[in-house]
There are 2 protein chains.
Amino acid sequence: MSDQLLSLSKTLTDNGHRLTTARQVILETLVTCGGHLSADDLAAKVRDAAPRVGRMTVYRTLDLLCELGMIRPIYQGTGAAHYILMDEGSHHHLICNRCGLVIEFDECMSSEVGQALSQRFNFKIQSHLLEFHGLCDHCQKL
Amino acid sequence: MSDQLLSLSKTLTDNGHRLTTARQVILETLVTCGGHLSADDLAAKVRDAAPRVGRMTVYRTLDLLCELGMIRPIYQGTGAAHYILMDEGSHHHLICNRCGLVIEFDECMSSEVGQALSQRFNFKIQSHLLEFHGLCDHCQKL
DNA sequence: GCAGATAATGATATAAATTATCAATATGGC
DNA sequence: GCCATATTGATAATTTATATCATTATCTGC
Ligand SMILES: [Mn+2]
Ligand SMILES: [Mn+2]
Ligand SMILES: [Zn+2]
Ligand SMILES: [Zn+2]
């Protein structure tokens with residue numbers, strides 16, 4: 001069991017939620033896949049490992065994880081929400097407006113800005129998402 | 001007709017798309033409302049001004065505006081996509097993970113990072129979105 | 001370890017949001 | 001104004017998301 005999985009599980013129990021087998025499998029699948037899945041995509045993968053887990057439980061678990069700030073829904077081409085992991089505190093993308101290509105990157109200087117905002121609005125920051133949008137190498141040449 | 005509306009219209013024609021009356025009304029409504037609308041919300045408002053504009057046209061226009069980088073779909077509580085205006089080059093949010101409150105802010109230091117990424121990946125940046133997620137003043141006290 | 005209170009589940013039904021089709025129409029270039 | 005064709009909108013189909021509720025599993029306290 002990975003550290004990340006342990007940490008996510010702990011966040012659940014720390015907030016008074018039960019660590020059910022369904023939730024365990026869902027978390028494990030989510031971590032293994034590295035996120036970027038839709039609810040139904042995830043439900044399908046989860047059912048490979050645990051066929052008894054219902055689709056509703058996946059939807060509800062995703063909602064719960066969102067509320068706890070562990071994941072975040074974003075658009076990724078299709079009409080369905082895709083969920084990215086937020087437990088590391090940040091997530092960064094370059095996204096092509098034409099073909100939908102997603103490039104991940106790490107560096108970012110949002111901490112200072114966050115600090116200031118946190119005070120101004122008395123807002124407790126748990127994570128951030130930074131996305132640059134534009135045209136990828138390939139799509140610029142079309 | 002606002003400068004913003006003119007600029008958006010120009011982007012359409014500059015990219016070889018027709019400036020139809022439907023698109024004009026859609027853009028105008030979008031700008032007037034300041035974005036943050038779902039496709040169906042927008043369709044309803046559009047039909048107040050122009051009853052003949054069909055829902056499909058709104059969906060398709062929103063897709064087109066996304067592809068041109070003028071707007072961007074994000075999640076805002078409900079299952080439907082909400083569209084934010086991106087033509088100013090950036091958009092910044094503080095979002096409460098519990099109640100969904102959205103606070104807008106202006107300052108940000110993403111330009112330098114963007115510059116570096118742009119070169120590294122040969123990616124033409126058109127805009128960026130920065131979101132901080134956490135708990136608002138009110139929800140921290142629950 | 002067991003019982004009880006209750007959070008959580010999952011089968012089912014319903015609603016909401018998105019996408020596909022295609023004949024009719026409006027648009028911009030000439 | 002004419003024409004080629006991009007765009008539209010009515011309709012239908014599909015995909016996503018939400019609501020219900022009886023049943024089950026989890027945790028707490030003993
Ligand atoms: Mn990612
Ligand atoms: Mn906004
Ligand atoms: Zn691309
Ligand atoms: Zn809140």
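In short, a report on the structure. Keep in mind it's a predicted model, so treat the numbers as computed, not measured. (Residues numbered from 1 in each chain as written. Chains lettered and ligands numbered in written order. Predicted model: local features only at pLDDT ≥ 70, side-chain atom pairs only at ≥ 80, totals over all residues. Heavy atoms only, no water.)

**Observations concerning the coordination of the manganese ion (ligand 2)**
Residues and elements named next belong to chain B.
Alright, step 1. Bound to the manganese ion (ligand 2) are the protein donor atoms His-36 (NE2), His-91 (NE2), His-93 (NE2), Glu-104 (OE) and Glu-104 (OE), situated 2.0 to 2.6 Å from the metal.
Alright, step 2. We note that the donor set of the manganese ion (ligand 2) lies within a single chain, spaced as H-x54-H-x1-H-x10-E. Of the two residues, His-36 is situated in the loop between helix H2 (21-33) and strand S1 (37-38) and His-91 in strand S4 (residues 90-96); the sequence distance between them amounts to 55 residues. One exposure class covers both His-36 and His-91, and it is buried. (Donors = N, O, S within 2.8 Å, 3.2 Å for Na, K, Ca; no water. Helix = DSSP H or I, 4+ residues; strand = E, 2+ residues; numbered from the N terminus. Buried < 20%, exposed > 50% of the residue type's maximum accessible area, 1.4 Å probe, protein only.)

**As for the protein's contact with DNA strand C**
Alright, step 1. Not every one of the 24 residues close to DNA strand C is listed here, only the nearest: A:Thr20, A:Thr57, A:Arg60, B:Arg18 and B:Tyr59.
Alright, step 2. In the interface set of DNA strand C, defined as its atoms within 4 Å of the protein, sugar plus phosphate atoms amount to 60%.
Alright, step 3. Side-chain polar atom of A:Thr20 to a phosphate oxygen of DNA strand C: 2.7 Å apart, as the coordinates give it.
Alright, step 4. Contact between DNA strand C and A:Arg52: a phosphate oxygen at 2.9 Å from a main-chain N or O atom of the residue.
Alright, step 5. Those elements that provide at least two residues to the surface near DNA strand C are helix H2 (21-33) and helix H4 (55-67) of chain A together with helix H4 (55-67) of chain B.
Alright, step 6. Grouping the amino acids of the surface near DNA strand C by side-chain chemistry returns 9 nonpolar, 7 polar and 8 charged. (Near = heavy atom within 4 Å. Polar contact = N/O pair within 3.5 Å; in protein donor to acceptor, adjacent residues only side chain to side chain. Nonpolar A, V, L, I, M, F, W, Y, C, P; charged D, E, K, R; others polar.)

Nothing here speaks to function; it is geometry throughout.
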